[in-house]
Number of protein chains: 4
Amino acid sequence: MPKARLEAFSDGVIAVIITIMVLEMKVPHGAGLDSLVPLWPVFLAYVLSYVYVGIYWNNHHHLMHAVQHIDGSILWANLHLLFWLSLVPFVTGWMSENHFAALPVAVYGGVLFFAGLSYVLLTQCLVRIHGRDSRIARSMHGDLKGKLSVATYTVAIPLAFVRWWIALGLYALVALTWFIPDRRIERAAES
Amino acid sequence: MPKARLEAFSDGVIAVIITIMVLEMKVPHGAGLDSLVPLWPVFLAYVLSYVYVGIYWNNHHHLMHAVQHIDGSILWANLHLLFWLSLVPFVTGWMSENHFAALPVAVYGGVLFFAGLSYVLLTQCLVRIHGRDSRIARSMHGDLKGKLSVATYTVAIPLAFVRWWIALGLYALVALTWFIPDRRIERAAES
Amino acid sequence: MPKARLEAFSDGVIAVIITIMVLEMKVPHGAGLDSLVPLWPVFLAYVLSYVYVGIYWNNHHHLMHAVQHIDGSILWANLHLLFWLSLVPFVTGWMSENHFAALPVAVYGGVLFFAGLSYVLLTQCLVRIHGRDSRIARSMHGDLKGKLSVATYTVAIPLAFVRWWIALGLYALVALTWFIPDRRIERAAES
Amino acid sequence: MPKARLEAFSDGVIAVIITIMVLEMKVPHGAGLDSLVPLWPVFLAYVLSYVYVGIYWNNHHHLMHAVQHIDGSILWANLHLLFWLSLVPFVTGWMSENHFAALPVAVYGGVLFFAGLSYVLLTQCLVRIHGRDSRIARSMHGDLKGKLSVATYTVAIPLAFVRWWIALGLYALVALTWFIPDRRIERAAES
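This one's a predicted model, so the numbers in the text were calculated from it and none came from an experiment. (Residues numbered from 1 in each chain as written. Chains lettered and ligands numbered in written order. Predicted model: local features only at pLDDT ≥ 70, side-chain atom pairs only at ≥ 80, totals over all residues. Heavy atoms only, no water.)

K.L.:
Would you mind going over the overall build of chain A with me for this structure?
P.N.:
Scanning chain A from terminus to terminus reveals 10 helices and 0 strands. The linear arrangement of helices and strands in chain A, starting from the amino end, is α-α-α-α-α-α-α-α-α-α. A compact globule built from 191 residues should have a C-alpha radius of gyration of about 16 Å, and chain A, at 18 Å, falls within 12% of that. Overall size of chain A, expressed as C-alpha extent along the three principal axes, is 60 × 35 × 30 Å. Among the 191 residues that make up chain A, the fraction classed as buried is 62%. For chain A, long-range pairs separated by at least 24 residues make up 80% of all intrachain contacts whose partners lie at least 6 apart in sequence. For chain A, the exposed area adds up to about 7,300 Å²; of that, 70% sits on carbon and sulfur atoms. (Helix = DSSP H or I, 4+ residues; strand = E, 2+ residues; numbered from the N terminus. Rg over C-alpha atoms; globule rule 2.2 N^0.38 Å. Buried < 20%, exposed > 50% of the residue type's maximum accessible area, 1.4 Å probe, protein only. Contact = heavy atoms within 4.5 Å. Areas by Shrake-Rupley, 256 points an atom, 1.4 Å probe, with all protein chains shown as cover.)

Quick look at the structure:
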């Protein structure tokens, strides 16, 4: 089964997710600076979520580039990843409307956690059908970064109840480590 | 007429449908657990509808993979299927906002019924233009699962007025049988 | 300049338009039949607009199928068509929320008029760059149906102020004549 | 790394942005002309933003047409451009709901400024990886128009606090100069 439509559908879903988030930023009624200022947590959360969804699209792009064929299980592993990403606009809105209260920040981390987990799962499904010696398997071996991200979320989520900015700082840190697209695949693709 | 644009357009519409449903989950105003709890029917309905739309996309993907050419009637049979799918976010929102009251659950089933029917119709249009001996005709012969699904909805809809969870259970059961993508086509494609 | 991206972008925009219209159908607050009944004008208008946008997608598909190359002017002629189509959800919502009052029905017709006109314009731009002897020129000669549609809208719009259902009936009539995709191009493509 | 998915994703995001803007035009409650008239600033702003997003799509189309390969840095330079474009519906809504008050008009210009800047940046990233002698480098040399646009925004933004229509007029002027797609690339492509 070719991968073209999986890519096209994922592009479509991620494109809608990334653009729909901006709808959470309700147009303020006043025209003064004072009506724009209360939007700062909404804008900050939007930027973080935009970067996160952008990272997932970039990594998806890199990952699928190394893929040769797919099957029915990949379709569902991919839909599973898109499910958690589809919740990002909701938790972004909830977190920012409540000015980074403990529970919403933790739930936001929970969605990141499951998105990270489902990405690791998708990777493993792809490695399984391509074989241990495939390019995708070699480029992914260990997948330390993916597993470390999920581990960091596990630490960050309870910390949201101590100080919200510790949790958010850890989320941002993980984003930073992923900001650079997965060189491992690029390198493996070149060799 | 090539099938590429039909696939691209269907991908786009289904991508928007699946992501727009999450907009029905209104961001709660409080930051506590008590403001999240009332959302459980909305979340449950979202998961069910997400799985359903995911199933349709998967089956559409499998079906179109076996298609060699299309004509004007296929364009409309496909738009007809997308029409019923486009109503899924509306009935999902209505059903969940009313905590699975009888009528909304029945209407939700009605949309599933017509979506199922229009998928069977699309299949038959495709078989007609490919001929009785084509790969798509062989892989679809009888199309028992499609017809059984539609029959199950017919039984489930009136049962919504007895107990809502019987109807919803039957909808979920049908989803389960479709969760596994259509092996018939995969098998026919391999032979 | 190849036509692939023009098709992909148009597919995306039309997919969003056709799905966003359903957002105008606000989920009713009650769970009874009495809360569903007032939605009939909204649903009727949704069906009409869905068919109209579907027709434009079908015809766009047929038209672009015959196109060999495009240039900058085609990009803008196409964006111009998409502009009028993007107003369809707005006028659909306005017309149905006011139960087919005269002015909204006339404005709805106005948007159809300009969409029809911009489609004729797009066709003429394509004929111009392909030459008088091209397949697209032969299949389009006269473009009677396109011009008749625009003429019918011109008659229907003032009639909206006499009886709304005369205007709406004429819009539906035009839709019916377009329901069958443009056989002219299909025939020219075969010959 | 091939450019196909970058194009498909950008098409998707821009398609959603351009269509979502129309959602800012709230359906008026009355059916008379008097309920339509207050919408004129909203409609005017919608037209301007539609043309602007259309220009970006056209130029993106022209630019990517000349591109042969991309890398990870291009993915992010492109996402950066899409980020600023994704803010266009928000600032369009804010500006028009406040009838072109000084600050919203200035902020609207600010988003145009950063979108323009990020386009220049994307261009430079592409030139860097293709080399000084590449087609894209030759067609872009100096990129006077891109830099002049950014300079004009810098002048226009403070003028929004003097008279809103001077700033808006300058934004419209820049749009006009870009309305004609980038002939430089078309010419270079032909030679």
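K.L.:
Which parts of the structure should I look at to understand helix 7 (residues 144–159) of chain D?
P.N.:
Because an α-helix packs 3.6 residues into every turn, residues spaced three or four apart end up facing the same way. Residue and element names in this part refer to chain D. A rise of 1.5 Å per residue sets the reference length of helix 7, with its 16 residues, at 22 Å; its end C-alpha atoms lie 23 Å apart and thus fit the reference within 8%. Within the sequence span of helix 7, burial applies to Gly146, Ser149, Val150, Tyr153 and Ala156. An end-on view of helix 7 places all buried positions within 125° of arc, on one side of the element. Among the exposed residues of helix 7, those pointing more than 90 degrees away from its buried face are Leu144 and Leu148. (Expected span 1.5 Å × (residues − 1). Arc of directions from axis to C-beta.)

K.L.:
Can you help me understand the interface of chain B and chain A in this one?
P.N.:
How big an interface is tends to be stated in terms of the accessible area lost upon association of its parts. Opposite the 40 residues of chain B that make contact, chain A presents 29 residues. Between chain B and chain A, the buried area comes to about 3,000 Å², and carbon and sulfur atoms account for 75% of it. Linking chain B to chain A there are 2 salt bridges. A salt bridge links glutamate 7 of chain B to arginine 5 of chain A; the shortest N-O distance between them is 3.9 Å. For the pair chain B and chain A, the interface holds 7 residue pairs in polar contact (both at pLDDT 80 or more). Residue assignment for the side of chain B that touches chain A shows that the elements contributing at least two residues are helix 1 (4–20), helix 2 (33–36) and helix 3 (40–65) of chain B. It is helix 3 of chain B that contributes the most residues to the side of chain B that touches chain A, 14 residues altogether. A class-by-class count of the residues in the side of chain B that touches chain A yields 24 nonpolar, 12 polar and 4 charged. (Buried area = accessible area lost by both parts, 1.4 Å probe. Salt bridge = Lys/Arg side-chain N within 4 Å of Asp/Glu carboxyl O. Polar contact = N/O pair within 3.5 Å; in protein donor to acceptor, adjacent residues only side chain to side chain. Nonpolar A, V, L, I, M, F, W, Y, C, P; charged D, E, K, R; others polar.)

K.L.:
Hey, could you run me through the packing of aromatic side chains in this one?
P.N.:
To describe a pair of aromatic rings, one takes the distance between the centres and the angle between the planes. Considering all chains together, one arrives at 52 aromatic pairs over all chains under this definition. Relative to phenylalanine 9 of chain D, the ring of tryptophan 57 of chain A has its centre 4.2 Å away and its plane inclined at 15°; by these criteria the two rings are stacked. Taken together, the residues tryptophan 57 of chain A in helix 3 (residues 40–65) and phenylalanine 9 of chain D in helix 1 (residues 4–20) connect one chain to another. Just as tryptophan 57 of chain A is buried, phenylalanine 9 of chain D falls in that class too. With a centroid separation of 4.8 Å and 10° between ring planes, the pair formed by phenylalanine 100 of chain C and tryptophan 164 of chain C is classed as stacked. (Phe/Tyr/Trp six-rings, centres within 6.5 Å; stacked < 30°, edge-to-face > 60°.)

K.L.:
I would appreciate a short explanation of the side chain of serine 96 of chain A in the present structure.
P.N.:
All names here are of chain A. For serine 96, the position within the fold is in helix 5 (residues 88–97). A distance of 3.0 Å separates a polar side-chain atom of serine 96 from the backbone oxygen of threonine 92. Not counting residues within four places of it along the chain, the set of residues in contact with serine 96 comprises Pro41, Val42 and Ala45.

K.L.:
How should the interface of chain D and chain C be read in this particular structure?
P.N.:
At the interface, 40 residues of chain D touch 29 residues of chain C. Summed over both sides, the interface of chain D with chain C buries roughly 3,000 Å², with 75% coming from carbon and sulfur. In this structure, the connection of chain D to chain C is made through 1 salt bridge. Its salt-bridge partner being arginine 5 of chain C, residue aspartate 11 of chain D comes within 2.9 Å of it at the nearest N-O pair. Remark: the boundary between chain D and chain C carries 7 residue pairs in polar contact (both at pLDDT 80 or more). Looking at the side of chain D that touches chain C, the elements with two or more residues in it are helix 1 and helix 2 (40–65) of chain D. Here the element with the most residues in the side of chain D that touches chain C is helix 2 of chain D; it accounts for 14 residues. Of the residues in the side of chain D that touches chain C, the class split is 24 nonpolar, 12 polar and 4 charged.

K.L.:
Would you explain the arrangement of the chains in this entry?
P.N.:
What separates chain A from chain C at the closest point of their C-alpha atoms is a distance of 8 Å, and the two make no contact. Nowhere do chain B and chain D come into contact; their C-alpha atoms are at least 8 Å apart.

K.L.:
I would appreciate a short explanation of the relation of the copies chain B and chain A in the present structure.
P.N.:
Superposition of the two copies of the chain requires a rotation about an axis together with a shift along that axis. Between chain B and chain A, which share one sequence, the superposing operator has a rotation angle of 90° and an axial displacement of 0.0 Å; the RMSD is 0.0 Å. On this basis, the relationship between the two copies can be described by a four-fold rotation axis. Considering only C-alpha atoms, the residue of chain B closest to the rotation axis is glycine 12 of chain B, which sits at 4.1 Å. Looking at chain B, a mere 5% of its interface residues are interface residues in chain A too, so the copies touch through different faces. (Least-squares fit on C-alpha atoms with pLDDT ≥ 70 in both.)

K.L.:
Quick question: what am I supposed to make of the environment of proline 158 of chain C here?
P.N.:
Relative to the helices and strands, proline 158 of chain C is located in helix 7 (residues 144–159). Sequence spacing of proline 158 of chain C and asparagine 78 of chain C is 80 residues, and the spatial spacing of their C-alpha atoms is 28 Å.

K.L.:
Sorry, what's going on with the relation of the copies chain D and chain C here?
P.N.:
Turning chain D through 90° and shifting it by 0.0 Å along the axis lays it on chain C, with an RMSD of 0.0 Å. Little of the interface of chain D is mirrored in chain C, where only 5% of its interface residues again form contacts.

K.L.:
What's the story with the pattern of salt bridges in this structure? I'm lost.
P.N.:
Opposite charge on two side chains lets them pair, provided their charged atoms get close. Applying the stated rule across the entire model yields 6 salt bridges over all chains. Residues joined in a network through salt bridges with shared partners are Arg5 of chain A together with Glu7 and Asp11 of chain B.

K.L.:
Looking at this structure, how should I read a nonpolar patch on the surface?
P.N.:
All names here are of chain A. Taken together, Leu33, Val37, Trp40, Leu44, Trp164 and Trp165 make up a surface patch of nonpolar side chains, about 650 Å² in accessible area. At the level of elements, helix 3 and helix 9 (164–179) are the ones that each hand at least two residues to the nonpolar patch. Relative to the helices and strands, leucine 33 is located in helix 2 (residues 33–36). Taking relative accessible area as the criterion, leucine 33 reaches 55% and is therefore assigned exposed. (Patch = residues over 30% accessible without salt bridge, like charges linked within 9 Å, V, L, I, M, F, W, Y side chains within 5 Å.)

K.L.:
Would you explain the environment of glycine 93 of chain A in this entry?
P.N.:
Here glycine 93 of chain A lies in helix 5. On a C-alpha basis, the gap between glycine 93 of chain A and histidine 61 of chain A in space is 27 Å, while along the polypeptide they are 32 residues apart. Setting aside residues no more than four positions away along its own chain, glycine 93 of chain A makes contact with Glu24 of chain A together with Val27 of chain B.

Shape is all these values report; function is a separate question.
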